[in-house]
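Residue strings, one per chain:
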Amino acid sequence: MSNVRVRVEGEAPYDVVIGRHLLGELPTMLGEKVRKVLIVHPTSLLTTADTVRDDLIAQGYDAIQAEVPDAEESKTAQVAAFCWQVLGQADFTRSDAVVTIGGGATTDLGGFVAATWLRGIKVVHIPTTLLAMVDAAVGGKTGINTAEGKNLVGAFYPPAGVLCDLAALETLPRWDFVAGLAEVIKCGFVADERVLTLVEEHAGALTQGASATPDDVLTELVQRAVQWKADVVARDLKEAGDREFLNYGHTLGHAIELVERFAWRHGAAVSVGMVFAAELARLAGKLDDDVVDRHRAVLTSVGLPVTYRGDRWEQLLGAMRRDKKSRGAVLRFIVLDDVGRPTRLEGPDPTLLAAAYAEISSEAPGSRAVSL
Ligand SMILES: NC(=O)c1ccc[n+]([C@@H]2O[C@H](COP(=O)([O-])OP(=O)(O)OC[C@H]3O[C@@H](n4cnc5c(N)ncnc54)[C@H](O)[C@@H]3O)[C@@H](O)[C@H]2O)c1
Ligand SMILES: O=C(O)C(=O)C[C@@H](O)[C@H](O)[C@H](O)COP(=O)(O)O
Ligand SMILES: [Zn+2]
């Protein structure tokens, strides 16, 4: 299949390229002035990072690497400070750049480092998980966690380009691929029903990972999710309006991640969060039973969790109060009136919230979601 290019409009438009053998695009995205490049990557992407570094050096760049911890362990102030130290010691100036190679944790961290070094140097993302391709690397949200919650420190900082090489997904553990499907399915429920239909038709293959999934199906899913996100962030980069809809399932999802001390993958937590939001909408008289059932059916069909332990409500509620959509003491949720019709639910009655939690509570704490 030929490569696909999605343009993200805005103050500084950029391309998201989806396909294979994309390394040749990197110098164009970096631009003519860049001389030094810091490649930020976790250990699991060392071989890829070495290849990219050698390629950049062969083309005359001064390329160095910063190896960071795996997954959420990298999204800390300490790891950001380590990257700033590397940039400082290598005399990076405003005409130099960061390249991230990894999943959403790496693109969030590396994007934040680029946003803050000298108040902003260029960054190009090379996402290597499904989740990072369809969501994290696109749109310019960057950030790190604090002890109090997810992504509480960060910046809106769009990249100069994004290279989604689908070949990277062939080494991705199956459960990480499945976790990424949660954000794909989010796109289906909030904006693009064709995505839901595609997942429903190919659930068996998708559950087995990228190699088992037909190339045209994988490409269409990534392209549709990226296109939706590109359209939204082009009109609302800083989340003053419609961008909040990209946060569907995240109010409870982020709270679960915190309560689980980041042992759950983001996608798994968002999966449960979407079922919670669907139940909330149903209990508020907004959403029909069949759409709620469809949430459980499609998420379960690819192996994503739809329940969470029933004995953590107070902790979850505390974490949800720090959600960025909250305004003062008022909790705000993204819910659906129907597939493709997102809306907001502001300050729902506490009994409604508790009832929605009861609907997603599992009897046995933990359950298979933990293995994600
Ligand atoms: N900025 C945004 O808009 C946005 C959107 C969605 C999610 N996020 C963030 O993204 C993060 C989750 O991202 P994720 O699901 O990609 O997780 P992740 O970055 O933690 O990566 C998951 C695992 O896959 C490994 N890995 C990555 N690519 C690989 C490959 N090709 N082969 C083998 N192993 C590979 C990683 O080392 C890690 O162990 C969360 O922190 C979430 O908050 C941000
Ligand atoms: O891009 C956005 O906007 C999103 O909300 C996408 C989410 O999938 C993503 O997890 C994002 O990082 C959540 O942001 P936050 O503002 O809730 O921390
Ligand atoms: Zn997310």
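Quantities reported herein were computed from a predicted structural model and do not represent experimental measurements. (Residues numbered from 1 in each chain as written. Chains lettered and ligands numbered in written order. Predicted model: local features only at pLDDT ≥ 70, side-chain atom pairs only at ≥ 80, totals over all residues.)

Draft legend 1. Broad picture of the overall build of the protein chain. Scanning the protein chain from terminus to terminus reveals 14 helices and 13 strands. Here the C-alpha radius of gyration of the protein chain, 20 Å, is about what a compact globule of 372 residues would show, namely 21 Å. Looking at the protein chain as a whole, 51% of its 372 residues are labelled buried. Counting contacts in the protein chain only where the partners sit at least 6 residues apart, residues at least 24 apart contribute 74% of the total. (Helix = DSSP H or I, 4+ residues; strand = E, 2+ residues; numbered from the N terminus. Rg over C-alpha atoms; globule rule 2.2 N^0.38 Å. Buried ≥ 20, exposed ≤ 12 C-beta atoms within 10 Å, placed from the backbone. Contact = placed C-beta atoms within 7 Å.)

Draft legend 2. Geometry of helix α6 (residues 174-190). When the terminal C-alpha atoms of α6 are compared, their 25 Å separation across 17 residues agrees well with the 24 Å that a helix rising 1.5 Å per residue should span. Within α6, 15 of the 17 residues are buried, which leaves the element mostly enclosed by the surrounding structure. (Expected span 1.5 Å × (residues − 1).)

Draft legend 3. Here's a closer look at the sheet that holds strand β4 (residues 62-68). Strand order in the open sheet formed by seven strands is β1-β2-β9-β6-β5-β3-β4, with mixed pairing between adjacent strands. The outermost strands of the open sheet, each flanked by one partner alone, are β1 (4-8) and β4. Sheet twist, expressed as the mean angle between neighbouring strand axes with direction ignored, is 15 degrees. Relative to strand β9 (residues 161-165), strand β2 (residues 14-19) is paired through four bridges, and the arrangement is parallel. Looking across to β9, one finds that G19 is bridged to D165. Contacts from helix α4 (residues 104-116) reach β3 (36-42), β4, β5 (97-102) and β6 (122-127), with the element oriented near 170 degrees to β5. (Pairing = 2+ DSSP bridges. Axes fitted to C-alpha atoms, helices over the stretch in contact; angles between N-to-C directions.)

Draft legend 4. Spatial organisation of the nonpolar core. V37, L181 and A277 are the most contacted members of the largest nonpolar core, which has 120 residues in total. Here this core gets eleven residues from one element, more than from any other, and that element is helix α11 (residues 266-283). In this structure, V37 is in contact with L30, L56, Y61, A63, D96, A97 and V99, ignoring residues within four places of it in sequence. (Core = buried A, V, L, I, M, F, W, Y, C linked by C-beta atoms within 7 Å.)

Draft legend 5. Representation of the site of ligand 1 within the structure. Not every one of the 33 residues close to ligand 1 is listed here, only the nearest: A71, G103, G104, A105 and T129. Those elements that place two or more of their residues in the shell around ligand 1 are α4, α5 (130-136), β8 (149-156), α6 and α11. For the shell around ligand 1, the per-class residue count stands at ten nonpolar, 13 polar and ten charged. Counting residues domain by domain, the shell around ligand 1 receives three or more from each of domain 1 (4-171) and domain 2 (174-371). (Near = placed C-beta within 6 Å. Nonpolar A, V, L, I, M, F, W, Y, C, P; charged D, E, K, R; others polar. Domains from an automatic or database assignment.)

Draft legend 6. The UniProt feature "domain: 3-dehydroquinate synthase C-terminal" (unreviewed entry) in the protein chain, seen in detail. UniProt's feature table lists "domain: 3-dehydroquinate synthase C-terminal" (unreviewed entry) at residues 180-326, given in the numbering used throughout. End C-alpha atoms of residues 180-326 are separated by 26 Å, and the span's content is 65% helix alongside 1% strand. (UniProt positions renumbered as here; feature names shortened; annotations may be inferred.)

Draft legend 7. Unusual backbone geometry, seen in detail. Of note, H21 is a non-glycine position whose phi angle comes to about 55 degrees, a positive value. Residue placement: H21 occurs in the loop between β2 and α1 (26-30). The backbone phi angle of E239 is positive, close to 60 degrees, even though this residue is not glycine. Among the residues examined, E239 registers 18 C-beta atoms within 10 Å and is labelled partly exposed.

Draft legend 8. Representation of the packing of helix α10 (residues 250-259) against α11. As a packed pair, α10 and α11 sit with axes 7 Å apart at the nearest point and diverge in direction by 135 degrees. Between α10 and α11, the interaxial angle falls into the category oblique. In terms of crossing hand, the pair formed by α10 and α11 is right-handed. On the side of α10, the interface is formed by H250, T251, L252, G253, I256 and E257, while α11 contributes H266, A269, V270, V272, G273 and F276. Residues that form the contact of α10 with α11 fall into these classes: six nonpolar, five polar and one charged. (Parallel < 35°, antiparallel > 145°, perpendicular 65-115°, else oblique. Left-handed = near helix turned anticlockwise from the far one by under 90°.)

Draft legend 9. Structural context of the site of ligand 2. Within the structure, ligand 2 sits among D135, G139, K141, K150, N151, E183, E239, R243, L246, N247, H250 and K324. Split by residue class, the shell around ligand 2 holds one nonpolar, four polar and seven charged. Both of domain 1 (4-171) and domain 2 (174-371) provide at least three residues apiece to the shell around ligand 2.

Draft legend 10. How the structure looks around α4. Here α4 is 13 residues long and its end C-alpha atoms lie 18 Å apart, about the 18 Å a rise of 1.5 Å per residue gives. Extensive coverage of α4 is indicated by the burial of twelve of its 13 residues. For α4, every residue scored as buried is listed here: G104, A105, T106, T107, D108, L109, G110, G111, F112, V113, A114 and A115.

Draft legend 11. Expanded view of the domain arrangement of the protein chain. Annotation of the protein chain at the domain level lists domain 1 (4-171) and domain 2 (174-371). Taken over C-alpha atoms, the centre of domain 1 sits 26 Å from the centre of domain 2. The interface of domain 1 with domain 2 comprises 28 residues on the first partner and 30 residues on the second. Looking at the side of domain 1 that touches domain 2, the elements that each hand over two or more residues are β1, β2, α5 and β8.

Draft legend 12. Structural context of the environment of E25. As for its placement among the helices and strands, E25 is situated in the loop between β2 and α1. According to the C-beta neighbour criterion, E25 is buried, with 20 such atoms within 10 Å. In the structure, E25 is positioned 137 residues away from V162 in sequence and 9.6 Å away in space, judged by C-alpha atoms.

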